[in-house]
Amino acid sequence: MNKMFIAVALAIVMLSGCVLDKFQSEALLTSSIMPAKDTDITLSQCDHSGSNMLVVCSNAGVMALNNVPADMSGRNANVSANSSAGDKLGVSFSSVAGGCVQDNITGLMWEVKTIDGGLHDMNKTYTNFDSTTAAQKHDFASGALSNPAQAEIDAPSNSVGFKNRVNAQGLCGFNDWRLPTADELQSIVDYSVASPKSTIDARWFPYTRSNYYWSGSPVMGDSDYAWNVDFYNGSVIDGFRNFSAFVRLVRAGQPHISNRYTASVDGQEITDNQTKLIWRRCAEGMVYSRGICKGKARRFTIEAALQLAATQASSTGIAWRLPNIRELASIVDRSRIRPAIDLEAFRPRQPARWFWSASYPDKSWGVDFHHGVVRSGSRAGSGSVRLVRTGQ
């Protein structure tokens, strides 16, 4: 399984003033409907100028590179409102009787795995077929696609069959368990944990494999693929539904926001009403004019991107910064490709390419907006930039 998923991941890598406008995002399984969470990166895990070493965030080299480390300034990093155990601000979980965990920020309730060989055992893996009307089975010998039978979907070794068994059991007193979306699953990644440990808070999610976990999010244009999250490092990539991977079920969540995005009066900024983050509408190097982003998006190294954000904040007096990886991933729209972003909100001509985040748990992280992959990249590489600031 691992070699196949890695092959897939490598293939992906190659691969004027106006009135207030409101834009409604599609309420699809691929869309996030959660408030933004912090990355869990701690006050001792900042990168600094000219080095790959992680140091305390007050270090002079860190401040020279970026005086507002984005992983320390997310909207949930509020001591008065959130737990700060282990200086991980923006994290708040609680136990639920029966073997579940409640995320008090997103409102999601999660299954907790076991090591007893039973239904919830951490070592059990599943295929991910969910429709008899879609060509989700991939024959690797011939390359042919075919539709799964209902019996294959309901099989105990398939994700839907597992979900049905858990709902019949009534885990923690509920019968509405489901596969999480890719966004929901990424929300429990703990980016402060270095591989090969599982990138998750083991205090709340013990018995987690450092491996791939299925989401219920389909891949746009590829019926035989679905999105998954790799808890070896926190990346979000796609994989063949035929493959066996792990599953962690979820239930509940936040109500859907019908009008997710609101443009500023001059059209230069866009507010995400879900996360309360305010984004520059165009990538750096482009200018919003007459309903579109004009010009060419510039490319930066990660250090140049961080310094650009600091310069913009200083010159404008507005607290612009490079987003952390969870913030940047929150505007991915996986119901779209090339680019995987809401063009009603962010407007046409957005580049479908790699964008930097400020997160650096072990490598520099970013999002490929070609179709929504979240992964780490080389500091020597180049990427585009979309600046963000924290709203109310």
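Residues numbered from 1 in each chain as written. Predicted model: local features only at pLDDT ≥ 70, side-chain atom pairs only at ≥ 80, totals over all residues. Heavy atoms only, no water.

### Here's the deal with the overall build of the chain
In step 1: Along the chain, the regular secondary structure elements total eight helices and 21 strands.
In step 2: Within the chain, the proportion of its 392 residues that are buried is 56%.
In step 3: Only carbon and sulfur atoms are counted for the fraction: they give 54% of the accessible area of the chain, which is about 15600 Å². (Helix = DSSP H or I, 4+ residues; strand = E, 2+ residues; numbered from the N terminus. Buried < 20%, exposed > 50% of the residue type's maximum accessible area, 1.4 Å probe, protein only. Areas by Shrake-Rupley, 256 points an atom, 1.4 Å probe, with all protein chains shown as cover.)

### Thoughts on the packing of aromatic side chains
In step 1: Scanning the entire structure with this criterion turns up 13 aromatic pairs.
In step 2: Seen from their ring centres, tyrosine 191 and tryptophan 365 are 5.3 Å apart, and the 70° between their planes marks the pair as edge-to-face. In this pair, tyrosine 191 sits in the loop between α5 (182–186) and β9 (212–219) while tryptophan 365 sits in strand β19 (residues 364–368), placing the two residues 174 residues apart along the sequence. Of the two residues, tyrosine 191 and tryptophan 365, both sit in the buried class.
In step 3: Here the aromatic rings of tryptophan 354 and tryptophan 356 are separated by 5.6 Å at their centres, their planes lie at 90°, and the arrangement is edge-to-face.
In step 4: Just above the ring of phenylalanine 174 sits the side chain of arginine 251; from NZ or CZ to the centre is 3.6 Å.
In step 5: The ring centre of tryptophan 320 lies 5.2 Å from the NZ or CZ of arginine 389, which sits over that ring. (Phe/Tyr/Trp six-rings, centres within 6.5 Å; stacked < 30°, edge-to-face > 60°. Lys NZ or Arg CZ within 6 Å of the ring centre and 35° of its normal.)

### Description of the pattern of salt bridges
In step 1: Counting across every chain of the model gives 14 salt bridges.
In step 2: For lysine 137, the salt bridge identified is with glutamate 152, shortest N-O distance 2.8 Å. You can see lysine 137 sitting in strand β7 (residues 137–138) and its partner glutamate 152 sitting in helix α3 (residues 150–153), a full 15 residues away along the chain.
In step 3: Relative accessible area serves as the criterion here: at 29%, glutamate 152 is assigned to the partly exposed category.
In step 4: Linking arginine 336 and aspartate 333 is a salt bridge whose minimum nitrogen-to-oxygen distance equals 2.7 Å.
In step 5: Here aspartate 333 falls in the buried class, since its relative accessible area comes to 5%.
In step 6: What you see here is one network of salt bridges that share partners, running through Asp333, Arg336 and Asp342. (Salt bridge = Lys/Arg side-chain N within 4 Å of Asp/Glu carboxyl O.)

### What about the side chain of arginine 353?
In step 1: With respect to the helices, strands and loops of the structure, arginine 353 is situated in the loop between α8 (343–346) and β18 (354–356).
In step 2: Of the side chains bearing the opposite charge, aspartate 368 lies closest to the buried arginine 353, which forms no salt bridge; the N-O distance is 8.5 Å.
In step 3: Among the polar contacts made by the side chain of arginine 353, one reaches the main-chain carbonyl oxygen of alanine 297 at a distance of 3.3 Å.
In step 4: Discounting residues that sit within four places of it in the chain, arginine 353 has contacts with Ala297, Arg298, Arg299, Val367, Asp368, Phe369, His370 and Ser384. (Lys, Arg positive; Asp, Glu negative; His and termini not counted. Polar contact = N/O pair within 3.5 Å; in protein donor to acceptor, adjacent residues only side chain to side chain. Contact = heavy atoms within 4.5 Å.)

### Re the side chain of glutamate 184
In step 1: Mapped onto the fold, glutamate 184 is located in helix α5.
In step 2: At 2.9 Å, the side chain of glutamate 184 and the side chain of arginine 178 are in polar contact.

### Remarks on the state of the cysteines
In step 1: Using the criterion set out here, one finds two disulfides in the structure.
In step 2: Between the sulfur of cysteine 100 and that of cysteine 172 lies a disulfide, 2.0 Å long from S to S. Its torsion about the S-S bond being 105°, the disulfide of cysteine 100 and cysteine 172 is classed as right-handed. Pair noted here: cysteine 100 is in strand β5 (residues 100–103) and cysteine 172 is in the loop between α4 (159–169) and α5, with a separation of 72 residues, a long-range link. As far as the burial class goes, cysteine 100 and cysteine 172 line up, both buried. (Disulfide = S-S within 2.5 Å.)

### Brief notes about unusual backbone geometry
In step 1: For the peptide bond that leads from arginine 338 to proline 339, omega is 5°, which places it in the cis range.
In step 2: Considering the arrangement of structural elements, one finds proline 339 in the loop between α7 (325–329) and α8.
In step 3: Positive phi values are uncommon outside glycine, yet cysteine 172 reaches one of about 55°.
In step 4: Locating arginine 338 in the fold gives a position in the loop between α7 and α8.

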